[in-house]
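# Structure at a glance
Here's the letter readout for the chains.
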Amino acid sequence: MAILKVARLGHPVLRRIADPIEPGRIKSPDIQRLIDDMFDTMAEYGGVGLAAPQVHSSLQLLVTEEIPDPDSDGGYLAQRSVVINPKITFLTAEEVAYFEGCLSVPDFRGRVPRIRRIRLQGFDRDGNSIDREVEGFPAVVYQHEVDHLNGIVFLDRMKDLSTLAYQLEFDRYWAAHAGEVAD
Ligand SMILES: [Zn+2]
């Protein structure tokens, strides 16, 4: 278990299309260790998701943190997850927009339109198939992380850079009304 170095914007690994992982390799010690290290790294830096290229491994692999449900006492919108070779299909044209941040674009926040409901397919860390529908904030997290596997960062998805803010100014001027906004 180790905390890995996070690639920051400008590092070419963030602009590459990551390589798929052969299904037979998923349970190998190197991939299992990478997954454990990615969870450690995500927790250390307080991320809700992390894609392998962000830790300099250009592989189709992402992890997400559990996401508490703000409207429920102790409930969760999503559990921790590992998705290998993910594929996203949009299930609606309806958009949602949240202020996103990124461990590879430290200290910035910006409002990004995303699709509200998606189908997520791929494999978990045991090599089992994943095929499920995800909606709302967890769907946004998956779209953000899958973008990393295709060399895209959230800044590329912003329609309007006027909402780009440093974290301190975000906390001061935007946070109070930064929740979900219909786009
Ligand atoms: Zn990111």
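Predicted, not measured: the structure shown is a model, and the values here were computed from it.

## Quick look at the overall build of the chain
- The secondary structure content of the chain amounts to four helices and eleven strands.
- Against the compact-globule benchmark of 16 Å for 183 residues, the chain has a radius of gyration of 16 Å, which places it among compact chains.
- Based on the C-alpha atoms only, the size of the chain along its principal axes is roughly 45 × 35 × 30 Å.
- Taken over 183 residues, the chain has a buried fraction of 46%.
- Here the chain displays about 9,400 Å² of accessible surface, and carbon together with sulfur accounts for 50% of that area.

## Observations regarding the coordination of the zinc ion
- In the first shell of the zinc ion, the protein supplies Cys102 (SG), His144 (NE2) and His148 (NE2), at 2.1 to 2.2 Å from the metal.
- Going along the chain, you hit the donors of the zinc ion in the pattern C-x41-H-x3-H. On the criterion of helical spacing, the pair formed by His144 and His148 is a turn pair, its members being four residues apart in helix H2 (residues 137-149). Residues His144 and His148 agree in their burial class; the two are buried.

## Structural notes on unusual backbone geometry
- One non-glycine residue with positive phi stands out, namely His56, at about 65°.
- Examined against the element boundaries, His56 turns out to sit in the loop between strand S1 (49-51) and strand S2 (61-64).
- Its identity is not glycine, yet Asp107 carries a phi of approximately 75°, on the positive side.
- When you line up the elements, Asp107 lands in the loop between strand S6 (95-100) and strand S7 (108-115).

## Notes on the packing of aromatic side chains
- Taken as a whole and judged by the stated rule, the model has four aromatic pairs.
- Members of the aromatic cluster, each reached through a chain of ring pairs, are Phe99, Phe170 and Trp174.

## Thoughts on the pattern of salt bridges
- Taken as a whole and judged by the stated rule, the model has twelve salt bridges.
- For Glu95, the salt bridge identified is with Lys159, shortest N-O distance 3.3 Å. Highlighted residues: Glu95 in strand S6 and Lys159 in the loop between helix H3 (154-157) and strand S10 (165-166), separated in sequence by 64 residues.
- As a salt-bridge pair, Arg114 and Glu100 come within 2.9 Å of each other at their nearest N and O atoms. One end of the pair, Arg114, is in strand S7; the other, Glu100, is in strand S6, and 14 residues separate them in sequence.
- One salt-bridge network, held together by shared partners, links Glu100, Arg114, Asp147 and Arg157.

What counts as what
Residues numbered from 1 in each chain as written. Predicted model: local features only at pLDDT ≥ 70, side-chain atom pairs only at ≥ 80, totals over all residues. Heavy atoms only, no water. Helix = DSSP H or I, 4+ residues; strand = E, 2+ residues; numbered from the N terminus. Rg over C-alpha atoms; globule rule 2.2 N^0.38 Å. Buried < 20%, exposed > 50% of the residue type's maximum accessible area, 1.4 Å probe, protein only. Areas by Shrake-Rupley, 256 points an atom, 1.4 Å probe, with all protein chains shown as cover. Donors = N, O, S within 2.8 Å, 3.2 Å for Na, K, Ca; no water. Phe/Tyr/Trp six-rings, centres within 6.5 Å; stacked < 30°, edge-to-face > 60°. Salt bridge = Lys/Arg side-chain N within 4 Å of Asp/Glu carboxyl O.

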